[in-house]
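A structural walkthrough
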Amino acid sequence: MGLLVTVAAARRPRAVCSGDMSRNGKTVPVPAGGWLDGDQQRAWLAYVRVQLRLAYEMNRQLLADSGMSLPDYDVLTALSVADGGRMQITVLAAQIGWERSRVSHHVRRMSARGLVTCGLSAADRRVTEVTLTARGWQAQEEAAPGHVDLVRRLFFGGLPAGLVGPLSEALEGVYANIIKLGSLPPPVDWHPAGD
């Protein structure tokens, strides 16, 4: 029994200390706020593992079932809830958390596949708008059930029901902090808690 506890403890990530050495034997600079403590490091690494693995699984499922990538689905979903299935490219970028140039390149590729159209806004010819096509609506609607099934199975299947609310609150708090302190503009529909 003691051996099992020792082995389990050895596998747990340990907090990084300011005195840690790099691989070349030199002292590593200390972050301004100090290193993450053990619980923070555990939470951060758990989030990173979940985010990376879940993104991989969602992308794989969407490609296999619908022939679209997760970034395609992100764009289609954002447009599907927009007024008239249309958004200015800068608004779309803020909505999905991408840089404008990445959105521009990606929607051009999606336009070539007939999922969206890109063009100048009728209201302001200086603004580029992205519009969901009938083919894009259909692709999103056909992909959604399989995507939701995967999210329910992989994400919510591993989360006790009693933790859904607290996890939602925690993630909403982290998101609000990212919007407040991050470099991208907030989405147009962003309303901080208390507003």
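Conventions used here
- Residues numbered from 1 in each chain as written.
- Predicted model: local features only at pLDDT ≥ 70, side-chain atom pairs only at ≥ 80, totals over all residues.
- Heavy atoms only, no water.
- Helix = DSSP H or I, 4+ residues; strand = E, 2+ residues; numbered from the N terminus.
- Buried < 20%, exposed > 50% of the residue type's maximum accessible area, 1.4 Å probe, protein only.
- Contact = heavy atoms within 4.5 Å.
- Polar contact = N/O pair within 3.5 Å; in protein donor to acceptor, adjacent residues only side chain to side chain.
- Patch = residues over 30% accessible without salt bridge, like charges linked within 9 Å, V, L, I, M, F, W, Y side chains within 5 Å.
- Areas by Shrake-Rupley, 256 points an atom, 1.4 Å probe, with all protein chains shown as cover.
- Salt bridge = Lys/Arg side-chain N within 4 Å of Asp/Glu carboxyl O.
- pLDDT = per-residue confidence, 0-100.
- Core = buried A, V, L, I, M, F, W, Y, C linked by side-chain atoms within 4.5 Å.
- Phe/Tyr/Trp six-rings, centres within 6.5 Å; stacked < 30°, edge-to-face > 60°.
- Lys NZ or Arg CZ within 6 Å of the ring centre and 35° of its normal.

Before going further, it helps to spend a moment on the overall build of the protein. In terms of helices and strands, the protein carries 7 helices and 3 strands. Starting at the N terminus and walking to the C terminus, you meet the elements of the protein as α-α-α-β-α-α-β-β-α-α. Looking at the 195 residues of the protein, the share that counts as buried comes to 26%. Excluding contacts between residues fewer than 6 apart, the proportion of contacts in the protein whose partners are at least 24 apart in sequence is 46%.

One can find His106 in helix α5 (residues 100–112). Reaching out from His106, the side chain makes a polar contact with the side chain of Asp72 at a distance of 2.7 Å. The contact partners of His106, leaving out residues within four places of it in the chain, are Ser69, Pro71, Asp72, Val75 and Trp98.

Side chains of Leu36, Trp44 and Tyr47 sit close together on the surface and give an oily, nonpolar patch of about 330 Å² of accessible area. Relative to the elements of secondary structure, Trp44 occurs in helix α2 (residues 38–66).

A few words now on the pattern of salt bridges. Enumeration over the complete set of coordinates arrives at 5 salt bridges. A salt bridge links Glu57 to Arg60, with the nearest nitrogen and oxygen atoms 3.5 Å apart. Here Glu57 and its partner Arg60 are both found in helix α2, 3 residues apart, which amounts to about one turn of the helix. The class for Glu57 is partly exposed, based on a relative accessible area of 21%. With a relative accessible area of 36%, Arg60 lands in the partly exposed category.

Confidence in the prediction of the protein, expressed as mean pLDDT, is 88, and 87% of residues score 70 or more. Across residues 1–10, confidence stays below pLDDT 50; counting only partners more than four residues off in sequence or on other chains, it has 0 contacts.

The subject of this paragraph is the nonpolar core. Within the largest apolar cluster, 28 residues are counted, with the highest numbers of intra-cluster contacts made by Leu76, Leu92, Val107 and Val116. When contributions to this core are tallied by element, the ones reaching two or more residues are α2, α3 (70–80), α4 (89–96), α5, β3 (128–132) and α6 (134–154). Element by element, the count of residues in this core is highest for α3, at 6 residues. Residues within four places of Leu76 in sequence aside, it is in contact with Met68, Met110, Leu115, Val116, Leu132, Gly136, Ala139 and Gln140.

This brings us to the packing of aromatic side chains. Tallied over the entire structure, the rule returns 3 aromatic pairs. With a centroid separation of 5.5 Å and an interplanar angle of 35 degrees, the aromatic rings of Trp44 and Tyr47 are classed as tilted. A residue pair is termed a helical-turn pair when its members lie 3 or 4 positions apart in one helix, as Trp44 and Tyr47 do in helix α2 at 3 residues. Overall, the relative accessible area of 42% leaves Tyr47 in the partly exposed class. Aromatic pair Phe155 and Phe156: ring centres 5.0 Å apart, planes at 80 degrees, arrangement edge-to-face. The class of Phe155 is partly exposed, set by a relative accessible area of 26%. Judged by relative accessible area, which is 40%, Phe156 ranks as partly exposed. The ring of Trp98 carries Arg102 above its face, with NZ or CZ at 3.8 Å from the centroid.

Let us look at α4. Those residues of α4 that fall on the buried side of the exposure criterion are Ile89, Val91, Leu92, Ala93 and Ala94. Where α4 ends, the next residue or the one after it, Gly97, has phi of about 75 degrees, a positive value.

Before going further, it helps to examine the environment of Asn177. Among the structural elements, Asn177 can be located in helix α7 (residues 164–181). Note on Asn177: relative accessible area 40%, which makes it partly exposed. A C-alpha to C-alpha distance of 9.7 Å links Asn177 and Pro192, two positions 15 residues apart in sequence.

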